Amino acid sequence: MQNPNSSQDPYPGQGAAVSVEFPFSELFELEAEAWHRNADLIETSTGQALGLIRDAGARLSSSLRSLDQRVQKQYRVALTILETMNFTMEVDGETLGLSNFGHRVVGTLDDLVGNMLDISRTAMRLVEEMDGIRSRSTEMERMLGEMAEIADKTQLLSLNAAIEAAHAREFGAGFAIVAGEVSKLAEKGNLLNVNIQAQIQATREALAKTDEQVERIASKDLSKAIASKGAAEILIKKVGENNQTVLTLVQEMEQIAAEVQREVHQVVQSLQFQDMVSQVLEHLKARGRIWNDRAQAFRSLGKDPSTAQMAQLMDALKATATLESKQLSAVQSDGLTEGDVELF
Amino acid sequence: MSKLVLTVDDSATMRQLMHFTLSNAGYQVVEAGDGKEALALLATHQPALVITDQNMPNMDGLTFIERLRAMPKHRFIPALVLTTEASPELKQRGKEVGATGWLVKPFNPEKLLEVVAKIL
């Protein structure tokens, strides 16, 4: 190392051997300070590194335990959701669940629709029969009207016959005409009677058929559909309750997911210990290079250093001390608490 | 289209942690190992934000920001410094070269994302 002040050698004429006036105490003091300084640095740096590693270890351990607990909880909640959605229940001796709920409902609806179609067809036939009964009723009314007419005419003819019977000379001819008319009316009456009887019989038959159709509708076995409807109602109510349970469980899952994210953020913060410890060790390494330079300065003195060489050594040690004091560690903290944020 | 963030740090771990945090929040991320690499990347990328360490080989963070501010195409890109350094002198120098903010390591991901969202 060059001594920039060699032209102002404090110890002129002392080239070959070290003068006893050389300030050895100052040299030793410089060296002692250097040792103290560097011992402090080693202590501080190792303390920092250990602190960072210890803090990282504790935080990571805690985060990983917490993550494990939350993942286990998420798993249990997910299982509960699956169990809730795959529920089964006994209804009228049948095991029902979501898997066969749809099938059961479709079956019930099929039965109901089938019954409705059947009832509809029967009702149409009823209407036809009732129409027929109405027509016959009208016809019967007409025929009864005719009967009434015949009865009136017969009444009249009976009167005439009585009158004719009273007149002796014209008894035979007049009475024969009246008798003929009465005979015609009686025939007509008989025919009407037969028709009316036929209408009555047809009406009775139509009414019997109507009875039959009504009996058919009344005897429709809706008990199965009613039972199915009842089971469907129970199932739908259960599905509604389960949906509420599932909703609550899903909300719980969301909360756990948010907690997991927070723990992951903690892990990210903790893992930065690697960069910080690296910087502490780099700082120590850089200081180690300076120590090497100082050791080299001592080594280059040789067996019998001159005063000038000792002076150079002194200057070198002072320069080293200045260098060391300027070389500050970037890492000030020995823990992983989040750093400050400042926006300019 | 998600916004692009350029992260600059000589620590691979730090780059990985920042990538994880930012990409999970929906940002695209491109990385550089020091200021010199970052300048080379700017030839082909137009990030919306730069996050840089300070102590790096070849070119430190504040020198990189100084060069960034001298480039017409990139001079207005916000630039955050993320470093272990916390000295007032260095922060003042950061302001003078045009840094947008100063974050001290270790960063909290939630806080980092808040700051990024605020700037972008």
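Remember, it's a predicted structure, so these values are computed and weren't measured experimentally. (Residues numbered from 1 in each chain as written. Chains lettered and ligands numbered in written order. Predicted model: local features only at pLDDT ≥ 70, side-chain atom pairs only at ≥ 80, totals over all residues. Heavy atoms only, no water.)

Enquirer: Where do I start with the overall build of chain B in this structure?
Expert: Counting its secondary structure elements, chain B contains 5 helices and 5 strands. The helix and strand sequence of chain B, counted from the amino end, reads β-α-β-α-β-α-β-α-β-α. Among the 120 residues that make up chain B, the fraction classed as buried is 56%. In chain B, once contacts between residues fewer than 6 apart in sequence are set aside, the share between residues at least 24 apart is 62%. For chain B, the accessible area works out to roughly 5,200 Å², and carbon and sulfur atoms hold 52% of it. (Helix = DSSP H or I, 4+ residues; strand = E, 2+ residues; numbered from the N terminus. Buried < 20%, exposed > 50% of the residue type's maximum accessible area, 1.4 Å probe, protein only. Contact = heavy atoms within 4.5 Å. Areas by Shrake-Rupley, 256 points an atom, 1.4 Å probe, with all protein chains shown as cover.)

Enquirer: Help me out: how do you make sense of a nonpolar patch on the surface in this one?
Expert: Residues A:Y75, A:L79 and A:L82 make up a contiguous nonpolar surface patch of about 310 Å² in total accessible area. Structurally, the position occupied by A:L79 is in helix α1 (residues 24–85). (Patch = residues over 30% accessible without salt bridge, like charges linked within 9 Å, V, L, I, M, F, W, Y side chains within 5 Å. Salt bridge = Lys/Arg side-chain N within 4 Å of Asp/Glu carboxyl O.)

Enquirer: Sorry, what's going on with the interface of chain B and chain A here?
Expert: A common way to express how large an interface is: the accessible area buried when the components associate. Between chain B and chain A, the contact holds 30 residues from the first and 23 residues from the second. Carbon and sulfur atoms supply 61% of the area buried between chain B and chain A, which totals about 2,400 Å² over both sides. When residues of chain B are sorted by the area they lose upon contact with chain A, B:L17, B:T84 and B:P106 head the list and together hold 25% of the total. On the surface where chain B and chain A come into contact, there are 3 salt bridges. (Buried area = accessible area lost by both parts, 1.4 Å probe.)

Enquirer: Which parts of the structure should I look at to understand the packing of aromatic side chains?
Expert: The relation between two aromatic rings is expressed through the spacing of the ring centres and the mutual angle of the planes. Residues and elements named next belong to chain A. Scanning the model with the defined rule gives 2 aromatic pairs over all chains in all. With 5.0 Å between their ring centres and 70° between their planes, F22 and F24 make a pair best called edge-to-face. On the accessibility criterion, F22 (4% relative accessible area) is buried. Site record: aromatic cluster; members linked through ring pairs are F22, F24 and F28. (Phe/Tyr/Trp six-rings, centres within 6.5 Å; stacked < 30°, edge-to-face > 60°.)

Enquirer: Looking at this structure, how should I read the pairing of strand β2 (residues 94–97) of chain A?
Expert: Strand residues, when the strand is regular, have side chains that alternate between the two faces of the sheet. Residues and elements named next belong to chain A. Relative to β2, strand β1 (residues 88–91) is paired through 4 bridges, and the arrangement is antiparallel. Across the sheet, residue M89 finds its bridge partner in β2, namely L96. From the end of β1 to the start of β2, which pair antiparallel, there are 2 residues, and D92 there has a positive phi angle of about 50°. (Pairing = 2+ DSSP bridges.)

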